[in-house]
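# Structural overview for review
These are the residues of each chain, in order.
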Amino acid sequence: MEITFLGTSAGLPTKERNTQATVLSLNPLLNEYWLFDAGEAVQHQILHTRIKLGKLSAIFITHMHGDHLFGLPGLLSSRSFQGGENKPLTVYGPVGIKSFIETTLSLSASHLNYPLEVIEVEDSDCFERHDIRIKVGLLSHGVPSYGYRLEFPDQEGRLLQEKLVAEGIAPGPVYREFKSQDTVYYGGKVYDASTYRAEQIPGKIITFFGDTMPSINEEKLAADADIIVHESTYLEGDLGLSHQYHHSHINDVIKLAERCQVKLTLINHVSNRYHQQDIQLLEARIRREAPDFNFRIARDFLSVSVNMV
Ligand SMILES: [Zn+2]
Ligand SMILES: [Zn+2]
């Protein structure tokens, strides 16, 4: 699986960075993409990647601010012409998302040629898609803004082929039974199949946050996560000022990651006043000041492999 940033700027686009959009490739678990937020021009950004809109099966909107939303109508329309025909799509978002989609599509006489389901979320909602549990939590941003915590199923451990061979069980169809069953009957003997598999691999936990200042729900969503994708509109300066605008300061994010034992923090939604050069200098400073904080500040088109964490 892989996370790719299509837009990392807060509020407004810059020449270097687009507004918010992050895509999760579920391959090899599923041949699908899920998109988190759809800032303006997200479909232009997608054209620079290998992402096919027909394989985009779910979109999660964190909140209704334009830098997270204004690319949605264009993306939905274009999907009809870019491989999406007859392929269902679900959009999750705050109350109002349904009316926003219906209004923009109907006023522009746009017709979709695929089934679109729109789900308006609330705090503490929980959904399942293909055994992936999605927990929703309300954040603190002045308008309803949500985080989406994805809990992936545990994976079976690999088959210990060397152990089977050592006991005289040659490779063949019976290996499939050892992989999937509790008990296997073979050659007149009964085997406890679980002892021929490596330990289960715990499913990954990835949380995508909407804009927020520190809140209790943040901790629930980030607890023991492998990866969080979190805003840090302010990479320096006055903490109080960032909270006044209902946003996070880098120090808030460092504390959250520490308290919740997050393995990797990917920072997006960085103020549009920073140029890429400034961000590199600030990133180096943060690394010096918080050496235990495992993080990356995302730039547009950065891809991060989930399996590396
Ligand atoms: Zn924003
Ligand atoms: Zn916002």
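Fair warning: this is a prediction, and the values are worked out from it, not measured in the lab.

## Some points on the coordination of the zinc ion (ligand 1)
- Every protein donor of the zinc ion (ligand 1) is accounted for by Asp 67 (OD), His 68 (NE2), Asp 211 (OD) and His 269 (NE2), and the metal-donor separations fall at 2.1 to 2.2 Å.
- Around the zinc ion (ligand 1), the four donor atoms sit at angles spanning 88 to 176°, and that spread fits a shape best called irregular.

## What to know about the UniProt feature "binding site: Zn(2+) 2" (unreviewed entry) in the protein
- Within this numbering scheme, the UniProt entry marks Asp 67, His 68, Asp 211 and His 269 as carrying the feature "binding site: Zn(2+) 2" (unreviewed entry). Spanning 203 residues, the annotated positions come together in the fold, the maximum distance between their C-alpha atoms being 10.5 Å. Set against the largest cavity, the annotated residues named above that line it are His 68, Asp 211 and His 269.
- Inspection of the secondary structure assignment puts Asp 67 in helix 2 (residues 66-69).
- Contacts of Asp 67, omitting those with residues within four sequence positions, involve Ala 10, Gly 11, Thr 19, Gln 20, Gly 39, Asp 211 and His 269.
- A distance of 2.9 Å separates the side chain of Asp 67 from the backbone nitrogen of Gly 11, its partner in a polar contact.
- Relative to the helices and strands, Asp 211 resides in the loop between strand 13 (205-208) and helix 7 (216-222).

## Looking at the environment of Leu 112
- In this structure, Leu 112 sits in the loop between helix 4 (97-107) and strand 7 (116-120).
- Judged by relative accessible area, which is 25%, Leu 112 ranks as partly exposed.
- A sequence separation of 66 residues divides Leu 112 from Ile 46, and the C-alpha atoms of the two residues are 19 Å apart.
- Here Leu 112 is in contact with Leu 76, Ser 77, Ser 80 and Leu 105, once residues within four sequence places are set aside.

## A closer look at the coordination of the zinc ion (ligand 2)
- Protein coordination at the zinc ion (ligand 2) comes from His 63 (NE2), His 65 (ND1), His 141 (NE2) and Asp 211 (OD), with a distance range of 2.2 to 2.4 Å.
- One can describe the donor arrangement at the zinc ion (ligand 2) as irregular, given that its four donor atoms subtend angles of 89 to 169° at the metal.
- All donors of the zinc ion (ligand 2) belong to a single chain; written as a sequence motif, their spacing is H-x1-H-x75-H-x69-D.
- Between the zinc ion (ligand 2) and the zinc ion (ligand 1) the interatomic distance comes to 3.4 Å, and Asp 211 is a ligand of both metals. Placement of His 63 in the loop between strand 5 (56-60) and helix 2 and of Asp 211 in the loop between strand 13 and helix 7 is noted, with a sequence separation of 148 residues between them.

## Digging into the sheet that holds strand 6 (residues 89-93)
- Strand order in the open sheet formed by seven strands is 7-6-5-4-3-1-18, with mixed pairing between adjacent strands. Both outer strands of the open sheet, strand 7 and strand 18 (303-305), are each paired with one neighbouring strand and no more. When strand polarity is set aside, the average angle formed by the axes of neighbouring strands in this sheet is 20°.
- In the sheet, strand 4 (residues 33-36) pairs with strand 5 via four bridges, with the strands oriented parallel. The residue of strand 5 that forms the bridge with Trp 34 is Ala 58.
- Sheet contacts for helix 4: strand 6 and strand 7; angle to strand 7, the most-contacted strand, approximately 145°.

Cut-off values and rules
- Residues numbered from 1 in each chain as written.
- Chains lettered and ligands numbered in written order.
- Predicted model: local features only at pLDDT ≥ 70, side-chain atom pairs only at ≥ 80, totals over all residues.
- Heavy atoms only, no water.
- Donors = N, O, S within 2.8 Å, 3.2 Å for Na, K, Ca; no water.
- Tetrahedral: all angles 85-135°; square planar, octahedral: opposite > 155°, others 65-115°.
- UniProt positions renumbered as here; feature names shortened; annotations may be inferred.
- 1 Å grid on protein atoms, 1.4 Å probe; cavity = no way out; pocket = protein on both sides within 12 Å on 5 of 7 lines; lining within 4 Å.
- Helix = DSSP H or I, 4+ residues; strand = E, 2+ residues; numbered from the N terminus.
- Contact = heavy atoms within 4.5 Å.
- Polar contact = N/O pair within 3.5 Å; in protein donor to acceptor, adjacent residues only side chain to side chain.
- Buried < 20%, exposed > 50% of the residue type's maximum accessible area, 1.4 Å probe, protein only.
- Pairing = 2+ DSSP bridges.
- Axes fitted to C-alpha atoms, helices over the stretch in contact; angles between N-to-C directions.

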